[in-house]
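# Remarks on the overall topology
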Amino acid sequence: MTRLAEGGRIDRARTLRFTCDGIELTGHPGDTLASALLANGRIEVGSSIYRDRPRGILTADGTEPNALVQVLSGGPEPMVPATTLELRDGLQVASLSGVGWLSNAPDPTVRDKKYVHVDVVVVGGGPAGIAAALAAGRSGARVMLVEQGRHLGGSLLDGDERIDGRDAGEWISRAAREFVDMPEVRVLTRSAAIGYYDHDYLLVAERRGDRERLWHVRARRVVLATGATERPMVFADNDRPGIMLASAVRTYLKRFAVLPGQDAVVVTTSDSAYLTAADLAAAGARVRAVVDTRPEPPQRLVELANSLGAQVFTGSAVVGTTGDRRITSARIAGLEGGTPVDVDCDLLAVCGGWNPAVQLYSQAGGSLRWDRLVAGFVPEQEPGRPKVVGSARGTYDLAGCLAQGLAAGAEAATACGFRIAAPPVPPVAGDRPVAGPRPVWLVPGEGEPSEWTQHFVDLQRDATVADVWRAVGAGMRSVEHVKRYTTIGTGNDQGKTSGVNAIGVIAEALGAESPGEVGTTTFRPPHVPVSFALLAGRDRGELHDPVRTTPMHSWHVEHGAEFEDVGQWKRPRYYPQPGEDMAAAVHRECLAARTGVAMQDVSTLGRIEIVGPDAPEFLNRIYTNAFAKLAVGKARYGVMCTADGMVFDDGVSIRLAEDRYLMSTTTGGAATVLEWLEEWLQTEWPHLAVHCTSVTEQWAAVAVVGPDSRDVVARLAPDLDVSNEAFGFMEFRETELSNGIPARICRISFSGELAYEINAPSWYGLALWEAVHEAGQDFGITPYGTETMHVLRAEKGFVIVGQDTDATVTPHDLGMDWVVSKRKDFIGKRSFSRPDTAREDRKQLVGLLPVDPADVLPEGAHLVEPDVPLVPPVPMLGHVTSSYRSAVLERGFAMALVRGGRHRIGEVLHVPVDGRRIPVEVTEPVFYDLEGARRDGR
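Residues numbered from 1 in each chain as written. Predicted model: local features only at pLDDT ≥ 70, side-chain atom pairs only at ≥ 80, totals over all residues. Heavy atoms only, no water.

With an unreviewed UniProt entry as reference, the chain is termed 2Fe-2S iron-sulfur cluster-binding protein, source organism Saccharopolyspora oryzae. UniProt annotates the chain under Sequence similarities (unreviewed entry) with the comment "Belongs to the GcvT family." (UniProt positions renumbered as here; feature names shortened; annotations may be inferred.)

Have a look at this one:
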């Protein structure tokens, strides 16, 4: 056992039992799997992916390339870093060699999503991040602080610094208590910002035991305090178990009271590892040597190492190691030559320098530059980009981190309208000036670099210096090309411990002066690995395609409605009475709508609010017809086309105010239309001040249809004048119904009859439906479903996008030239000038009347010339898109897309069905009330 007798942030009063590779071990609450394995003396965690070399724990955080496990208990999960997996009782894991597997076992983990808007997001809960959140939170702004670890504090958790006269731990605790007292501040620990997208939109993955949440965060300002990650060094046999990052050794000592080795050698390119040496000695380890690449490190650090009993090697590096399942010695040599020295050790703590964590800044579109003094890539602080503070921008002194955090937090809050001055920087103790590092990208070995197959650059991918030399020898010069040639940085750690080292090695191979001449790879989300299950949230299993019902659904069920699926919605198809089949029920419902009054639940129609000063111009570009001059209080039917001029969707939009429209879409097309609108706003017209919001679920709607509908609506809305003169077609009115329900009533007709659409907030939906039904009892009001709706609209020649159209149909093909503006530009307009869209033989919408009125054509049936032999291949003229039996016409009728259809009106074509030919007459696609007089009543 290597657990220290005291210290750490673990609960020693409780013991947790877990199993790794079938061996039962113990740990404590507060442990990670990695710390518990080290406490049990297990430093080897599996073999490498390709070369089967033993590997050990390297880091103490999510950058771990070696210690990956398959979680077998609870929620089965592959490729989980042991360094981030919190220990729990009964945990069962299996070590992996870089390849996991998917499990069929039940997963009890609950995953959901949450959408929030905040003023300031601070990513990183170290000293700079805490300071930024404190400054912003004190202003009253809405602040979210995101920290990947389970505790706030970052590097302060491993140090001995004092802030404002207090131990750093006390300063952290006081800050945490202050956050609790700030009602507008939310602190998310165990949460990783995995992606930074346009317009300060972030995804944050939160994990708490068997519950996970994906936060979708829209921020007005973002402060990145993401810290820096320590990098290893590239030398011969640098992959043996027992070789760990110096900062990781310190974390295991300070946070978990675990001593990873008894005989230690520390090798470093900068100051920070000397603190690790001191902590090792304080924990009872023998620090045999401190190896510094710098010829003249700060004298105070040399004296510190000497006081620990360590031999100090300056201007030197570790050039090789020995050992089988664990390191047993390190070979030390001067970088300028000299006789190597072998030093026995079971722990080699390595600090190859620090990489500012710039991944999120790069995802946000920020530029990076190589900083020679920092020896790392740092962000260019560009206008319009998130503010980067602390070690994420190469500031490694505590006072500097606090100063930057406080200033950035106050600046961000002020920019959001919460003016506040930056608080004074508290005094700090134990903070020392940081001397310049001396990075060594490639420690020389024996022979030529092309032969260095034991100098590992990427431990997870088993990629070596020899692989990089081979890539460069093959002509690769770009870091992106070398990455793909060697697979360096393509593991689940995305090169966090290998990326900059690889760039340094490439620079050496190309003879470049610095890694800055090579550049970086592209940092893409997710910043840390996340499961597809988290991205899906509850959108899986039965909820992957959830059933959606309207507020009136219970009434429909009670009254015997037969349903059909339209998108995700359950819509009544028809309401059979005793003894009726569908044909009889639809016949009755159609007659009611044509001769009396009927009602339909139309709550499922998509509704999107288009809001903003540029909304009129936006709709003008989206629709083929004009909307900018539509008067407030009026409605207009519109058609959308794709860029190739084909019909995409249609619907009625009403103008609620000068800067606000309510767009309706087809039931099944609502989500697609919203995505279409957002695509154009975000990619082509980001300068337009427009916001689109889906409000489908916020409204319930009832269509009241038929010659008697005016009387029913007048009874239902006594304060509203519903006469033709006062309430014209394609207008709407706001009113209050007789039962007190606030409503918006539109005169819109999808049947050709006098009709009204009554809209009310969805929570009034059932009451609205029942009120309409009650108001129409004297008139024999009849509920009708989608099948009747299809018959009614087809009799009038009204198309349904997706049924009477496909991706090859233009508005002109539908005979809707009137809906295509000749004066303004819109999406798809240029495509109408293409020769193909102007062909006379394009498929065009026509009507079909079977010669025998009793025939009803099957939808999808093809049409052929009367004299064409039915021997394959048969030349087809088109196909039937809609076909019904009409109650008012007392016959079958259909709509079809026919090649050159408008020139065929009056011709007789044949429809082959079940071995016989049904003759049909081609007609205009309007079968009833050609003049349109019935929309105003009898």
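Helix and strand content of the chain: 19 helices and 50 strands. Summarising its shape, the C-alpha atoms of the chain cover approximately 105 × 65 × 55 Å along the three principal directions. Of all 938 residues assigned to the chain, the portion counted as buried reaches 56%. Look at the contacts in the chain between residues 6 or more apart in sequence, and 63% of them connect residues 24 or more apart. With the model as given, the accessible surface of the chain reaches about 38,500 Å², and the carbon-plus-sulfur share is 50%. Side chains of the chain give 97 positive and 121 negative charges; the mean places of these two sets differ by 3 Å. (Helix = DSSP H or I, 4+ residues; strand = E, 2+ residues; numbered from the N terminus. Buried < 20%, exposed > 50% of the residue type's maximum accessible area, 1.4 Å probe, protein only. Contact = heavy atoms within 4.5 Å. Areas by Shrake-Rupley, 256 points an atom, 1.4 Å probe, with all protein chains shown as cover. Lys, Arg positive; Asp, Glu negative; His and termini not counted. Charge placed at Lys NZ, Arg CZ, Asp CG, Glu CD.)

For the pair helix α4 (residues 246-256) and helix α5 (residues 273-282), interaxial distance at closest approach is 9 Å and the crossing angle is 35°. Every pair of crossing elements has a handedness; the one defined by α4 and α5 is left-handed. Taking contact as the criterion, the partners of Ala246, Ser247, Val249, Arg250, Leu253 and Lys254 in α4 are, on α5, Ala273, Leu275, Thr276, Asp279 and Leu280. Broken down by class, the residue content of the contact of α4 with α5 amounts to six nonpolar, two polar and three charged. (Axes fitted to C-alpha atoms, helices over the stretch in contact; angles between N-to-C directions. Left-handed = near helix turned anticlockwise from the far one by under 90°. Nonpolar A, V, L, I, M, F, W, Y, C, P; charged D, E, K, R; others polar.)

This part is about the UniProt feature "domain: SoxA A3" (unreviewed entry) in the chain. UniProt annotation of "domain: SoxA A3" (unreviewed entry) refers to residues 453-538 when read in the numbering used here. As annotated, residues 453-538 comprises 40% helix and 6% strand, and the C-alpha atoms at either end are separated by 47 Å.

Burial analysis of helix α15 (residues 615-622) places six of its eight residues in the buried class, which makes it a mostly covered element. All of the buried residues in α15 are Ala615, Pro616, Phe618, Leu619, Asn620 and Ile622. Tucked inside the fold, the buried residues of α15 contact β35 (606-611), β36 (635-641), β37 (647-657), β38 (660-665), α16 (670-684) and β39 (691-694).

This next bit is on the UniProt feature "domain: FAD/NAD(P)-binding" (unreviewed entry) in the chain. Listed under "domain: FAD/NAD(P)-binding" (unreviewed entry) in the UniProt record, and renumbered for this structure, are residues 119-368. Along residues 119-368 one finds 24% helix and 39% strand; the C-alpha atoms at either end are 26 Å apart.

The next subject is helix α19 (residues 786-795). Counted residue by residue, α19 has 10 buried out of 10 residues, so it is predominantly covered. Phi turns positive one or two residues past the end of α19, at glycine 797, with a value near 75°.

All chains considered together, the criterion is met by 17 aromatic pairs. Summarising the aromatic geometry, the rings of tryptophan 763 and tyrosine 764 are spaced 6.2 Å apart at their centres and angled 55° between planes, so their arrangement reads as tilted. Residue tyrosine 764 is classed as partly exposed on the basis of its relative accessible area of 30%. Measuring from centroid to centroid gives 6.1 Å for phenylalanine 826 and phenylalanine 832, while their planes differ by 50°, and the two rings are tilted. Owing to a relative accessible area of 16%, phenylalanine 832 belongs among the buried residues under this scheme. What links up through ring pairs into an aromatic cluster is the set Phe618, Phe648, Trp676, Trp680 and Trp685. Just above the ring of tryptophan 685 sits the side chain of arginine 621; from NZ or CZ to the centre is 5.0 Å. (Phe/Tyr/Trp six-rings, centres within 6.5 Å; stacked < 30°, edge-to-face > 60°. Lys NZ or Arg CZ within 6 Å of the ring centre and 35° of its normal.)

Below, the discussion takes up the sheet that holds β35. Overall, antiparallel pairing links the five strands, which are arranged β36-β37-β38-β35-β39 in an open sheet. Sheet topology places β36 and β39 at the edges, where each strand pairs with a single neighbour. Neighbour-to-neighbour, the strand axes of this sheet turn through a mean angle of 30°, independent of strand direction. Of the strand pairs in this sheet, β35 and β39 are connected by four bridges, and their pairing is antiparallel. Looking across to β39, one finds that valine 611 is bridged to histidine 691. Along the sheet face, α16 touches β35, β36, β37, β38 and β39 and points at about 20° away from the line of β35. (Pairing = 2+ DSSP bridges.)

Bringing the pairing of β37 into the picture now. Successive residues of a regular strand alternate their side chains across the two faces of the sheet. Within β37, 10 of the 11 residues are buried, leaving the element largely enclosed by the surrounding structure. With seven bridges connecting them, β36 and β37 associate as antiparallel partners. Note that in β37 the partner of cysteine 641 across the bridge is valine 647. Where β37 meets β38, four bridges bridge the pair, whose relative direction is antiparallel.

Before going further, it helps to spend a moment on the nonpolar core. Ranked by internal contacts, the top residues of the largest apolar core, which has 56 residues, are Phe18, Leu33, Tyr252 and Leu280. Each residue touching phenylalanine 18, except ones within four places of it in the same chain, is listed here: Ile23, Glu24, Leu25, Thr26, Gly27, Leu33, Ala36, Leu37, Asn40, Leu87, Arg88 and Leu91. (Core = buried A, V, L, I, M, F, W, Y, C linked by side-chain atoms within 4.5 Å.)

With respect to the helices and strands, the residue leucine 845 is situated in strand β45 (residues 843-850). On the accessibility criterion, leucine 845 (3% relative accessible area) is buried. Through-space distance from the C-alpha of leucine 845 to that of glycine 901 is 6.6 Å; in sequence the pair is 56 residues apart. In contact with leucine 845, not counting residues within four places along its chain, are Val799, Asp813, Leu814, Thr881, Met895, Ala896, Leu897 and Pro925.

Okay, the environment of alanine 474 next. Structurally, the position occupied by alanine 474 is in the loop between α9 (465-473) and α10 (479-486). The class of alanine 474 is partly exposed, set by a relative accessible area of 46%. Alanine 474 sits 198 residues away from threonine 672 along the chain, and the two C-alpha atoms are 47 Å apart.

This next bit is on the environment of lysine 843. Along the chain, lysine 843 falls in strand β45. For lysine 843, a relative accessible area of 36% gives the class partly exposed. Put simply, lysine 843 and threonine 808 are 35 residues apart on the chain and 8.8 Å apart in space, counted from C-alpha to C-alpha.

Quick look at the packing of helix α17 (residues 709-716) against helix α18 (residues 765-775) now. The interhelical angle for the contact between α17 and α18, taken along N-to-C directions, is 120°, at an axis separation of 9 Å. Between α17 and α18, the interaxial angle falls into the category oblique. Classified by chirality, the crossing of α18 by α17 is right-handed. Mapping the contact onto sequence places Val712, Arg715 and Leu716 in α17 and Ala771, Val772 and Ala775 in α18. Here the contact of α17 with α18 is composed, by residue class, of five nonpolar, no polar and one charged. (Parallel < 35°, antiparallel > 145°, perpendicular 65-115°, else oblique.)

Turning to empty space enclosed by the protein, a few remarks are in order. Counted under the stated rule, the structure contains three cavities of 30 Å³ or more. If you trace the largest cavity, you find 30 residues lining it, with Gln494, Gly495, Gly499, Thr521 and Phe523 closest to the centre. For the lining of the largest cavity, the secondary-structure elements that each account for two or more residues are β25 (354-356), α7 (359-363), β27 (376-379), α10 and α11 (499-510). With five residues, α11 is the single largest residue contributor to the lining of the largest cavity. Each residue belonging to the lining of the largest cavity can be placed in one class, and the counts come to 13 nonpolar, 14 polar and three charged. Of the volumes computed, that of the second largest cavity is approximately 100 Å³. (1 Å grid on protein atoms, 1.4 Å probe; cavity = no way out; pocket = protein on both sides within 12 Å on 5 of 7 lines; lining within 4 Å. Points joined across faces, edges and corners; volume = space filled by probe spheres on them.)

Cis geometry marks the peptide bond from proline 525 to proline 526; its omega dihedral reads 0°. Locating proline 526 in the fold gives a position in the loop between α11 and α12 (532-536). The linkage connecting proline 872 with the following residue, proline 873, adopts the cis geometry, with an omega of 0°. Along the chain, proline 873 falls in the loop between β46 (862-863) and β47 (878-886). At aspartate 164, a residue that is not glycine, the phi angle is positive and equals roughly 55°. Tracing the sequence through the fold places aspartate 164 in the loop between β10 (162-163) and β11 (166-167). When its relative accessible area of 38% is taken as the criterion, aspartate 164 is described as partly exposed.

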